[in-house]
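Listed below, chain by chain, are the residues.
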Amino acid sequence: MTTTSPSPTLDAERTDLLALLATARSTLVDTTRGLSDEQAKERPTVSALCLGGLVKHVAAMEAQWLRFVVEGPGAMNYELPEGVTWADIAAGTAREIPQWMIDHQNGFQLLPGETLAGIVEHYEQVAARSAEVIAALPDLSVTYPLPDAPWHEAGTVWSVRRVLLHVIAETTQHAGHAEILRESIDGQKSS
């Protein structure tokens, strides 16, 4: 992934946050260098994770959170089909699985027709859009309530700043996962 420096016209905080995010992205994408699409689909550990899927997931996660900072909680829809409860989902007894949940699961793998190069290119587009959004926001202290979901504490409110820190943390966490997967695939270690 190409790492570009944030615009010098940004305030110091935005410059630092975007630079940290760019470093985390680069670390993640670097774990895929030189891999074939087949290798990017491999699941070399007991986990269901694959390198291509990690990059795809992190790109989707970043895009979703950046929509949240622009649109608020409506950008994240965790509605369940009529008659389905969270208890049904947790128990595996739901008569219908919502499409957003299927899409989330598919986000961890390369699907037929997807390529590692295409996933990385999409991630670069997401990164460029994120930089534009963050540069254009008037204030990183603006807050939004998190959408209703069992994994969000009711009434929780996050600032744009908190969202950016979350995206950085998740990207960094998945970069660590990716290093383990890459080493398991071909023994390559990050430098």
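Residues numbered from 1 in each chain as written. Predicted model: local features only at pLDDT ≥ 70, side-chain atom pairs only at ≥ 80, totals over all residues. Heavy atoms only, no water.

(A) View of the overall build of the protein chain. Each helix and strand counted, the protein chain has seven helices and two strands in total. For the protein chain, the sequential pattern of α-helices and β-strands runs α-α-α-α-α-α-β-β-α. Looking at the protein chain as a whole, 41% of its 191 residues qualify as buried. Counted over contacts in the protein chain with a minimum sequence separation of 6, partners at least 24 positions apart contribute 67%. (Helix = DSSP H or I, 4+ residues; strand = E, 2+ residues; numbered from the N terminus. Buried < 20%, exposed > 50% of the residue type's maximum accessible area, 1.4 Å probe, protein only. Contact = heavy atoms within 4.5 Å.)

(B) The arrangement of the nonpolar core in detail. Counting 45 residues, the largest nonpolar core has L28, W65, F68, V69 and I134 as its most contacted members. Within the residue set of this core, elements represented by two or more residues are α1 (12–30), α3 (51–71), α6 (116–136) and α7 (160–186). The biggest single contributor to this core is α3, with ten residues. (Core = buried A, V, L, I, M, F, W, Y, C linked by side-chain atoms within 4.5 Å.)

(C) Representation of the packing of aromatic side chains in the model. This model, assessed by the stated rule, comprises eight aromatic pairs. Here the aromatic rings of F68 and Y144 are separated by 5.5 Å at their centres, their planes lie at 70°, and the arrangement is edge-to-face. One end of the pair, F68, is in helix α3; the other, Y144, is in strand β1 (residues 143–145), with 76 residues separating them in the sequence. Taking the relative accessible area as the measure of exposure, F68 reaches 0% and is therefore buried. We classify Y144 as buried; its relative accessible area is 18%. Summarising the aromatic geometry, the rings of W86 and W151 are spaced 5.6 Å apart at their centres and angled 85° between planes, so their arrangement reads as edge-to-face. (Phe/Tyr/Trp six-rings, centres within 6.5 Å; stacked < 30°, edge-to-face > 60°.)

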